[in-house]
Amino acid sequence: MLSTDNGNVSLTTGQNGVATISFFHPAQNSLPAALLDELTNKITQAGNDMQIRVIVLKSEGERTFCAGASFDELLQIKDKQAGAEFFSGFARVINACRKSPKIIIARIQGKAVGGGVGLAAAADYCLATEAASIKLSELAIGIGPFVISPAVIRKVGLPAFSQLTIRAVDFQTAQWAKEKGLYNEVYPDIATLDIALDTLAEKLASYHPEALTGLKQILWEGTTDWDVLLTRRAAISGQLVLSEFTQQALRGFLSKKS
């Protein structure tokens, strides 16, 4: 387990072939570069483990699944190369999910914002609670959801993605996310969600592993260019984050939080 003052990522494996990757950050489960890299490592590690059949991706706490990129870290970016590298962290996580031979189930217990929506979209199946509203807030801070857009559009389609992006300050409900295809199932509370999650994960883990791998390949057909595409998108975001507009927006947001 990676554990720092800025959060942690853990991988646990049960005897039933279900692995759980869990992350936590004190700032609403936001994702600094170190956690993004460790998420990539843990997803890859679980995917390569022959004893693992299914991966559950979750975060800690009850209120927020993931608040997206760490604003504190975004303010520390001073050049285009550093900006591109930071956003490439999201690209690597999405591509690790895409390339993993294992089915990934996301447990979305609370709000998902920005990169958190991208993380949900990178999973193969999402279970959520009614509190798991979503928002793509990137335009409001002077950037755009460029890295995560291929994953989100793949799930919800271009019209819904356009609505999420243009309505950058508005949350859409969990039921909306289910209607558009981001969430597969929505439950009234976390306890009910976890019962359904455990039942589904154990059932999937009992299936033929080669059939699961074959299904995974079908689910991600047509995405082989994403290594190049998402890296290119990361460079766009990395340049925009240096603008005075974005830096002021980030400082203003953080001042409201303090």
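Scroll up to find the structure this text is about.
Rules used in this analysis
- Residues numbered from 1 in each chain as written.
- Predicted model: local features only at pLDDT ≥ 70, side-chain atom pairs only at ≥ 80, totals over all residues.
- Heavy atoms only, no water.
- Salt bridge = Lys/Arg side-chain N within 4 Å of Asp/Glu carboxyl O.
- Helix = DSSP H or I, 4+ residues; strand = E, 2+ residues; numbered from the N terminus.
- Disulfide = S-S within 2.5 Å.
- Buried < 20%, exposed > 50% of the residue type's maximum accessible area, 1.4 Å probe, protein only.
- Axes fitted to C-alpha atoms, helices over the stretch in contact; angles between N-to-C directions.
- Left-handed = near helix turned anticlockwise from the far one by under 90°.
- Contact = heavy atoms within 4.5 Å.
- Nonpolar A, V, L, I, M, F, W, Y, C, P; charged D, E, K, R; others polar.
- Expected span 1.5 Å × (residues − 1).
- Pairing = 2+ DSSP bridges.
- Polar contact = N/O pair within 3.5 Å; in protein donor to acceptor, adjacent residues only side chain to side chain.
- Right-handed = clockwise from strand over helix to strand, strands pointing away.
- Core = buried A, V, L, I, M, F, W, Y, C linked by side-chain atoms within 4.5 Å.

A. Local environment of the pattern of salt bridges. Applying the stated criterion to the full structure yields nine salt bridges. A salt bridge links D194 to R107; the nearest nitrogen and oxygen atoms lie 2.6 Å apart. Taken together, the residues D194 in helix 8 (residues 190–205) and R107 in strand 6 (residues 103–108) connect sequence positions 87 residues apart. When the shortest N-O distance is used, the salt bridge between R251 and E244 registers 3.1 Å.

B. Summary view of the state of the cysteines. Counted under the stated rule, the structure contains zero disulfides. Free of any disulfide, C97 has its nearest neighbouring cysteine sulfur in C126, separated by 10.0 Å. Residue C97 is classed as buried on the basis of its relative accessible area, which comes to 0%.

C. Molecular detail of the packing of helix 3 (residues 80–99) against helix 10 (residues 226–240). Look at helix 3 against helix 10: their axes get within 7 Å of each other, and the N-to-C directions meet at 150°. The way helix 3 lies across helix 10 gives a crossing that is right-handed. Counting all contacts with helix 3, which are made through K80, G83, A84, F87, S88, A91, I94, N95, R98 and K99, the residues of helix 10 involved are W226, D227, L230, A234, A235, S237, G238 and Q239. Grouping the constituent residues of the contact of helix 3 with helix 10 by class yields eight nonpolar, six polar and four charged.

D. Structural context of helix 10. Taking 1.5 Å as the rise per residue, helix 10 with 15 residues should run 21 Å; its terminal C-alpha atoms sit 21 Å apart, in good agreement. Of all the positions in helix 10, only W226, L229, L230, A234, S237 and G238 are classed as buried. Summarising the contacts, the buried residues of helix 10 are in contact with helix 3 and helix 5 (149–156).

E. The arrangement of the sheet that holds strand 7 (residues 111–113) in detail. Strand order in this open sheet of three strands is 5-7-9, and the pairing throughout is parallel. Of all strands in the sheet, those bounded by a partner on one side alone are strand 5 (64–66) and strand 9 (134–135). Against the sheet, helix 4 (residues 115–122) makes contact with strand 5, strand 7 and strand 9, and its axis sits at roughly 105° relative to strand 7, the strand it touches most.

F. Examining the side chain of R98 more closely. By the secondary structure assignment, R98 is in helix 3. Here R98 falls in the buried class, since its relative accessible area comes to 10%. At 3.4 Å, the side chain of R98 and the side chain of D227 are in polar contact. If near-sequence neighbours (up to four positions away) are discounted, R98 is found in contact with K216, W220, T223, T224, W226 and D227.

G. How the structure looks around the pairing of strand 4 (residues 54–59). The buried count for strand 4 comes to five of six residues, which makes it a mostly enclosed element. As defined by bridge partners, strand 3 (residues 18–24) adjoins strand 4 across six bridges and the pair is classed as parallel. Bridging from a neighbouring strand, V18 pairs with V54 of strand 4. Note that the unit made of strand 3, helix 1 (residues 33–48) and strand 4 has a crossover that is right-handed. Examined bridge by bridge, strand 4 and strand 6 share four bridges and lie parallel to one another. When the sheet's bridge partners are listed, L57 is paired in strand 6 with A106.

H. Molecular detail of the nonpolar core. By size, the foremost hydrophobic cluster in this structure holds 66 residues, and its most contacted members are L31, L74, I108, I134, L182 and Y183. Per element, the largest residue contribution to this core is eight residues, and it comes from helix 3. Residues L127, Y187, L197 and L204 belong to the second largest nonpolar core, which totals 14 residues.

I. Spotlight on the environment of A205. Along the chain, A205 falls in helix 8. Not counting residues up to four positions away in its chain, the partners in contact with A205 are N16, G17, V18, R53 and V54.

Take it as geometry only, folks, not as evidence of what the structure does.
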